2 protein chains.
Amino acid sequence: MAEKFVNERNIRFLLYEVFDAPSLLKYTRYADHSREAFDMILETALKLGRDLFRPSFREMDKNPPEFINGRVKVHPQVKEIMQICGSGGWISATAPQELGGQQLPALIGFIPMFIFSAANYAASVYPYLTDGAAHLIYSFGNEDLINTYIPRMYAGDWQGTMALTEPQAGSSLTDITTTAEPTNQGYYRMKGQKIFISTGDHDGVQNVVHLLLARIAGAPPGVKGISLFVVPRMRPGDNGEMAFNDVHVAGIYHKMGYRGAPITQLSFGENNDCRGYLVGKPNRGLSHMFQLMNEARIAVGIAAAGIASAAYYAALEYSRERPQGRPLTAKDPTSPQVPIIEHADVKRMLLFQRAVIEGSLSLLMQCGKYVDLEKVLEGKEREKYNLLLEILTPVAKTYPAEMGILAVSQALQCLGGYGYCDEFSVEQLYRDARIHPIHEGTTGIQGLDLLGRKVPMKNGEAAMLLVQEIEATIAIAKKEPQLQPYARGLEEAADKLKNVTGHLVGLAMQGKVDIFLADATLYLEFFGIVTIGWQWLLQAIAAQKALSLNPTGMEMNFYQGKLYTFRYFFQYELPKIEGLTRTLLASSGITVEMKKDFF
Amino acid sequence: MAEKFVNERNIRFLLYEVFDAPSLLKYTRYADHSREAFDMILETALKLGRDLFRPSFREMDKNPPEFINGRVKVHPQVKEIMQICGSGGWISATAPQELGGQQLPALIGFIPMFIFSAANYAASVYPYLTDGAAHLIYSFGNEDLINTYIPRMYAGDWQGTMALTEPQAGSSLTDITTTAEPTNQGYYRMKGQKIFISTGDHDGVQNVVHLLLARIAGAPPGVKGISLFVVPRMRPGDNGEMAFNDVHVAGIYHKMGYRGAPITQLSFGENNDCRGYLVGKPNRGLSHMFQLMNEARIAVGIAAAGIASAAYYAALEYSRERPQGRPLTAKDPTSPQVPIIEHADVKRMLLFQRAVIEGSLSLLMQCGKYVDLEKVLEGKEREKYNLLLEILTPVAKTYPAEMGILAVSQALQCLGGYGYCDEFSVEQLYRDARIHPIHEGTTGIQGLDLLGRKVPMKNGEAAMLLVQEIEATIAIAKKEPQLQPYARGLEEAADKLKNVTGHLVGLAMQGKVDIFLADATLYLEFFGIVTIGWQWLLQAIAAQKALSLNPTGMEMNFYQGKLYTFRYFFQYELPKIEGLTRTLLASSGITVEMKKDFF
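Calculation rules
Residues numbered from 1 in each chain as written. Chains lettered and ligands numbered in written order. Predicted model: local features only at pLDDT ≥ 70, side-chain atom pairs only at ≥ 80, totals over all residues. Heavy atoms only, no water. Helix = DSSP H or I, 4+ residues; strand = E, 2+ residues; numbered from the N terminus. Rg over C-alpha atoms; globule rule 2.2 N^0.38 Å. Buried < 20%, exposed > 50% of the residue type's maximum accessible area, 1.4 Å probe, protein only. Contact = heavy atoms within 4.5 Å. Areas by Shrake-Rupley, 256 points an atom, 1.4 Å probe, with all protein chains shown as cover. Lys, Arg positive; Asp, Glu negative; His and termini not counted. Charge placed at Lys NZ, Arg CZ, Asp CG, Glu CD. Buried area = accessible area lost by both parts, 1.4 Å probe. Salt bridge = Lys/Arg side-chain N within 4 Å of Asp/Glu carboxyl O. Core = buried A, V, L, I, M, F, W, Y, C linked by side-chain atoms within 4.5 Å. Axes fitted to C-alpha atoms, helices over the stretch in contact; angles between N-to-C directions. Parallel < 35°, antiparallel > 145°, perpendicular 65-115°, else oblique. Left-handed = near helix turned anticlockwise from the far one by under 90°. Nonpolar A, V, L, I, M, F, W, Y, C, P; charged D, E, K, R; others polar. Phe/Tyr/Trp six-rings, centres within 6.5 Å; stacked < 30°, edge-to-face > 60°. Least-squares fit on C-alpha atoms with pLDDT ≥ 70 in both.

Chemist: Before we move on, could you go through the overall build of chain A and cite the residues and values that matter?
Modeler: Helix and strand counts for chain A stand at 18 helices and twelve strands. Whereas a compact globule of 599 residues would reach a radius of gyration of roughly 25 Å, chain A reaches 24 Å, a difference of no more than 12%. With the C-alpha coordinates aligned to their principal axes, the bounding extent of chain A is approximately 80 × 60 × 55 Å. Buried residues in chain A amount to 65% of all 599 residues. Of the contacts made within chain A by residues no fewer than 6 positions apart, 75% connect residues no fewer than 24 positions apart. As displayed, chain A offers around 20,700 Å² of accessible surface, 52% of which is attributable to carbon and sulfur atoms. In chain A, 59 side chains carry a positive charge and 63 a negative one; their mean positions are 3 Å apart.

Structural data, given as structure tokens:
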């Protein structure tokens, strides 16, 4: 297994040279930190990635969770990971200090998430699902819930989950039927089934806390009648004793990849003794849950980039070491073979991977910075960052998820036949990566979210704000002679995006809702390419600036590599919008008109 | 597991309405057959697919070959498959009657291959590798070899393999080092290692016959010193007794997919007692082997389309049955959910799969027809079909291989979380499909073959012949009013292909070989899209003609579905050449200039 799975230098580049993480220190919320503290977090996270997460990467795939006597048994390393992530403050990294958190900016908090998921994605979901679930409790729950659950979750003793999906509903949350019957004892009596619940039960923790969507008896139909509950597997009593809360594991799924984490089917209230505790307001559950869903979508983007990063470094190591073939101009068969990294097509595959990974990570950190600014600013400024996050979330989830699969596939291709075999880790990464366009809202759902909700919201304000951000970057790049052609390229691309958007919104205004949204997935793809182009231009500005100071050795190599990858993106990836423009402007309606009997 | 894995109606459409299979009956070689015989072959192949291959599809994945005491143990069904494919004449389907074959046209012979690989790809390679290896023996081997090996191979008693790859050489065949030392007893003494040899040993047959590349002692370096040998695991003696031929299995690989067939590492002549029998002329081995390699490349294309077909029908069945969500315009959450096939985005994913599968199969059958015509025609005509095959082989391998992966991925996406779990067959198909861009020459190798060899060969004659074929189809389509815009679309696309080709060949003529070939993989992608567009236009002509006769019911649905898929290809897939044109005309040289230290 390749030793390297993330690029520390690139993380520092993004943190300090592109996103100026120390600029956040001026806000009271983050004032207790320092650049030195950020550095230490990065170094510790790298060490944990290497020593705590990485060693069990293959093992957890080979020995997936088992369902034994109604309980789920996981790899013993999970317990250690939860304990260390608890005691080390990794679960509570971005939580407020008053809750025992470190109150780190998300821009910093995303880094360990990226590193841990690159090291061992399945293992990383245990602490991070707990983090997200706890955030939901302290955002909307009452003091009693906070005091009862948060400390144990942050300690890594109790696992958090998000329990949304039901067998008959799938992505259609409006159709969930789990019920919550009010009692006069401060809790609700829960009954229902949930499927595909990650880490829904396991023996690496003492308890599992489900953040669960259900309907209070008598609630209106549809999403307006959904409420959010805390439903623990074991419920804490008044005297600290724990009682079984009638939460049963009906089974676990056997997955193609991402096998280190159990995905469970759960049954609540089979014996009519399952208690749920309302979080936030009745019937506002879905809107509360969106906090966690949005975080989870960003987390999927981070993990997808992480997995692709691990695959890239495996491919890079192999390509440097594997001699095969000769330069195209070397005709003498007795001349020595060269490492395959000398072949243009192999470099193309590696550049593609880098373009996807580093472009994605940049966008995700951009989102992290918006999260941080939204938290510390007020009024119009706060709303601006909120809207930017709203519109970027489906992109930050989907671009890494979809392109990450292709990146891992190209990594596998670099290894040829060996990539297809389990001597190397890439085949596992290929299987692991495939989950990301599915969970936390499929790509199709993200497309509808972007085009159907985020673009039109508030008269297109979110989209306009994003265009302004992109144009600001273009303006800076135009001042740099070497970046001018690329700045113009992105300008052209942004214009095409505006045209296409105008065309599609026009269809919506004519009431052609079906046609308007028929190609939402392609629109998302288009949007993603332009957005990542923007992030590459941002990175190129920083790299060009650094190169003007004439660095040498490894530093020079890093910035040159950065600029080659940037140019690769603009020459090989950005042109993909040409075909998408054609297809989207045509709005042929084929997929609407096609009848199911014609298949 | 979905019951349907191929579309019989579509096969008949291609055989009879597009490629007019009975038109081959006028040639003496095929005159013993009839349309009725073709129909019977199709029906029997479907039955075998269903009853012989399909039932062990999942089992062979769950119980892959084992390496025990130096031998490979495979699923017991393999033996039955080899026996039935032997006795039923499937291994020798296209072989000459004088050798016991059925002398079927390739156009017909490709159909069982497609069906069996859709039913159970790993199982299908046992008979088809044997077929290809036997073909090599009777094309270039002497009578003795033919008499000794062919009957047992066609009976399914002996397995055939192709043994090219070596550990230190990989794709670089010029670097193979296995040696053949001449003796004065009519055989050579072999010594060397081969890796990644499919079906290189197993207990489902009595013997394994390797068609192996090696160097005769003293041969010139490089590909000009490679010869072809038959090297059996057990060598037949004069009295019919069999002696161990010093061929050892060093191990088997554990693969991500395609697990039902063993991929072996072999060691020849460890005890200096491995006999090889020269096939054809000394030092002409690579050119002989190309017959098998070209066949194997087409076979990979067929298998890739077959796997995607199986995934498509699994996704189609699921999409018809799974209720989830409502039409975009239905706001009432109490209205019933609709099957997901009603959603435009799901139809888009299904259309994409169909466009890939049926476009690929059409191209492959086009190649089959060229194979048949090449065999029966003479002089200029024969050369024409030979050249068309030469230029289309890398495309017919790569388009299905690369796009098949994306098609299976979209099938998996249709099933959402279930697609990722092993309750359904799609996750296995996703793993199985990934082998195809790797084996029988990676996609990178195919790109170099197309742009570096096939396009420039004979002053571009192959490319010109192909353009003529495409233009002939365009001319017919232009006479049909409803097809005119598509005919013009393909004309435009072909013009772009000509421009890009001219630009690239221009670079070659300036001696810029590196830049010329740097984007060969993208050129192949471009070429593939245009070629499949041609095949879709061909199919649309036939479908339009059939629709003009006002068919009803299922027939009408079939032709409508065909035309929708055709339109889908032209609206969603063909525009992808726009971006490729930009990238290819730019010839930025990034991948040539990028230094390995910059990664």
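Chemist: Now, about the interface of chain B and chain A: what can you tell me, with residues and values included?
Modeler: The interface is formed by 98 residues belonging to chain B together with 98 residues belonging to chain A. Buried area between chain B and chain A, summed over both chains or domains, comes out near 8,600 Å², and the portion from carbon and sulfur atoms is 59%. On the chain B side of the contact with chain A, Y420, F598 and F599 of chain B bury the most area, a combined 11% of that side's loss. Where chain B meets chain A, there are eight salt bridges.

Chemist: Could you give an account of the side chain of Q324 of chain B, naming the residues involved and the relevant values?
Modeler: Looking at the secondary structure, you find Q324 of chain B in the loop between α7 (285-321) and α8 (344-376). Judged by its relative accessible area of 14%, Q324 of chain B falls in the buried class. Filtering out sequence-adjacent residues up to four positions away, Q324 of chain B remains in contact with A169, G170, S171 and S172 of chain A together with Q337, V338, I340 and H343 of chain B.

Chemist: Please set out the nonpolar core residue by residue, giving values where relevant.
Modeler: In this structure, I115 of chain A together with I115 of chain B are the most contacted members of the largest nonpolar core, which totals 452 residues. Setting aside residues no more than four positions away along its own chain, I115 of chain B makes contact with F5, V6, I11, L42, A45, L46 and G49 of chain B.

Chemist: How would you explain the environment of A217 of chain B if you had to name every residue and give the values?
Modeler: Residue and element names in this part refer to chain B. Along the chain, the position of A217 falls in the loop between β6 (207-216) and β7 (227-232). Looking at A217, the relative accessible area reads 51%, which means it is exposed. Separated by 263 residues in the primary sequence, A217 and E480 place their C-alpha atoms 63 Å from one another. Residues within four places of A217 in sequence aside, it is in contact with A180 and P182.

Chemist: Go over the packing of helix α7 (residues 285-321) of chain A against helix α8 (residues 344-376) of chain A with me, naming the residues and quoting the values.
Modeler: All names here are of chain A. Two elements in contact, α7 and α8, have axes whose closest approach is 9 Å; the angle formed by their N-to-C orientations is 150°. One element, α7, and the other, α8, form an angle in the roughly antiparallel class. Two packed elements cross with a definite hand, and for α7 against α8 that hand is left-handed. The segment α7 lies against α8, with I298, G301, I302, A305, A308, S309, A311, Y312, A315, L316 and S319 engaging V346, L350, Q353, R354, I357, S360, L364 and C367. Of the residues contributing to the contact of α7 with α8, the split by class is 13 nonpolar, five polar and one charged.

Chemist: How would you summarise the pattern of salt bridges if you had to cite specific residues and measurements?
Modeler: Scanning the entire structure with this criterion turns up 76 salt bridges over all chains. The closest approach of N and O atoms between E17 of chain A and R9 of chain A, which form a salt bridge, is 3.1 Å. For K496 of chain B, the salt bridge is made with E492 of chain B, and the minimal N-O distance between the two is 3.8 Å. Placement of the pair is K496 of chain B and E492 of chain B together in helix α13 (residues 484-509), with a separation of four residues, close to one helical turn. Classification of K496 of chain B by relative accessible area gives buried; the value is 19%. One connected set of salt bridges, linked through shared partners, spans E8, R12, R35, D39 and E43 of chain A.

Chemist: Can you break down the packing of aromatic side chains residue by residue, with the values?
Modeler: Residues and elements named next belong to chain B. Within the structure shown, the criterion is met by 47 aromatic pairs over all chains. Aromatic side chains Y318 and Y418 sit 6.3 Å apart centroid to centroid with 50° between the ring planes, which places their arrangement in the tilted category. Of this pair, Y318 sits in helix α7 while Y418 sits in the loop between α9 (379-414) and α10 (426-433), placing them 100 residues apart in sequence. We classify Y318 as buried; its relative accessible area is 11%. What makes Y418 buried here is its relative accessible area of 15%. For the pair Y486 and F566, a centre-to-centre distance of 4.7 Å together with 55° between the ring planes defines the contact as tilted. Of this pair, Y486 sits in helix α13 while F566 sits in helix α16 (residues 553-573); the two residues are 80 residues apart in sequence, bridging distant segments of the chain. Y486 sits in the buried class, given a relative accessible area of 15%.

Chemist: How would you sum up the relation of the copies chain B and chain A? Please name residues and give values.
Modeler: The operation relating the pair of chain copies consists of a rotation about an axis and a translation along that axis. Superposing chain B onto chain A takes a rotation of 180° combined with a translation of 0.0 Å along the rotation axis, leaving an RMSD of 0.0 Å. Given the turn and translation reported, the copies of this chain are related as if by a two-fold rotation axis. Both copies share a contact surface, since 100% of the interface residues of chain B are interface residues in chain A too.

Distances and angles like these do not, on their own, reveal function.
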